[in-house]
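Here's the letter readout for the chains.
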Amino acid sequence: MMIKLSKPYTQTGALILLFHLGAIASWAGAIKGTVSVAGAASAKNVAVWIGAVPGKTFPPPAKPVIVDQKHLMFIPHVLVIQKGTTVVFLNSEPTLHNVYWPWISGNKKLARNLGTRPMGQKLLFTFNNLGIVPLLCNVHTEMSGYIVVVSTPYFAVSGPDGSFEVKDVPPGHYTLKAWSEEISFRKIDSQPVDVSAGNTTVNLNLR
Ligand SMILES: [Cu+2]
């Protein structure tokens, strides 16, 4: 009886050990920090992301991401997505809303008008070009939002206090990028960052 029981116990022990080794090997870190934006009242809504990693491609997420049009605003105001992500544009209030962008990072060939629709109807678009997409509504000229299309799944948007956290980054040497609508449509800030297991702190000053 004792001999018969000991074998499965040993196998379970080995499996648990393998599981722990696997967890250590894939240990990821987080990039935490605060951003300040020169001349701006607040440092919220700054897009922060890791730029292309040489030799590495990331499959686009299968799940779509939502941008709502509500209270005469694009919600969220700034959205970061990985290239290849489909965005579903909702209209959640009883007025007509349109979605268009005049260019992506200045390239007018990438302009699109997705159309105008009443409350409850969706518009879908898959973003396959990297860059800054300025969202506008031709019914309400005061409405604006931004989609930042990036090449990695490692990104964040700063909160009202300028803090951000890019989660689950594998250890490595990367380029950290940041963009704020307060600076310029076209200026993307870059700086090197080394990520190890645990938290890496980076403070960004955009000007
Ligand atoms: Cu509108």
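Our structure is the block above this text.
In this text, all values refer to a predicted model and were calculated from it rather than measured experimentally.

(A) Here's a closer look at the coordination of the copper ion. Coordination of the copper ion by the protein is provided by His97 (ND1), Cys137 (SG), His140 (ND1) and Met143 (SD), with metal-donor distances spanning 2.0 to 2.7 Å. Its four donor atoms give the copper ion angles of 90 to 137° at the centre, a pattern that matches the irregular case. On the primary sequence, the residues serving as donors to the copper ion are separated as H-x39-C-x2-H-x2-M. Pair noted here: His97 is in strand β7 (residues 97–101) and Cys137 is in the loop between β10 (131–136) and β11 (144–150), with a separation of 40 residues, a long-range link. His97 sits in the buried class, given a relative accessible area of 0%. Its relative accessible area of 3% is what places Cys137 among the buried residues.

(B) Seen up close, the sheet that holds strand β15 (residues 189–195). Strand order across the open sheet formed by four strands is β12-β2-β14-β15, with antiparallel pairing between neighbours. Every interior strand has two partners, whereas the edge strands, β12 (155–157) and β15, have only one. Going across the sheet, the axis of each strand differs from the next one's by a mean of 20°, ignoring polarity. Summarising the sheet, strand β14 (residues 172–179) and β15 pair through seven bridges and their orientation is antiparallel. Bridging from a neighbouring strand, Ala178 pairs with Asp189 of β15.

(C) Quick peek at the sheet that holds strand β1 (residues 29–37). The strand order across the open sheet built from three strands is β13-β1-β16, with neighbouring strands paired in mixed fashion. A single partner strand is all that each edge strand has here, and the edge strands are β13 (163–169) and β16 (198–206). Each strand axis lies, on average, 20° off the axis of its neighbour in the sheet, ignoring direction. Bridging between β1 and β13 involves five bridges; their strand directions are antiparallel. Counted as the bridge partner of Ile31 is Val166 from β13.

(D) Spotlight on the nonpolar core. Residues Ile31, Val48, Ile50, Val166, Val169, Leu176 and Leu204 are the most contacted members of the largest nonpolar core, which totals 22 residues. Among the elements of the structure, β1, β2 (47–50), β13, β14, β15 and β16 are those that each provide at least two residues to this core. Sequence-distant contacts of Val169, defined by excluding residues within four places in its chain, comprise Ala28, Gly29, Ile31, Ile50, Tyr154, Tyr174 and Val195. In this structure, Val87, Ile104, Leu123 and Met143 belong to the second largest nonpolar core, which totals 20 residues.

What counts as what
Residues numbered from 1 in each chain as written. Predicted model: local features only at pLDDT ≥ 70, side-chain atom pairs only at ≥ 80, totals over all residues. Heavy atoms only, no water. Donors = N, O, S within 2.8 Å, 3.2 Å for Na, K, Ca; no water. Tetrahedral: all angles 85-135°; square planar, octahedral: opposite > 155°, others 65-115°. Helix = DSSP H or I, 4+ residues; strand = E, 2+ residues; numbered from the N terminus. Buried < 20%, exposed > 50% of the residue type's maximum accessible area, 1.4 Å probe, protein only. Pairing = 2+ DSSP bridges. Axes fitted to C-alpha atoms, helices over the stretch in contact; angles between N-to-C directions. Core = buried A, V, L, I, M, F, W, Y, C linked by side-chain atoms within 4.5 Å. Contact = heavy atoms within 4.5 Å.

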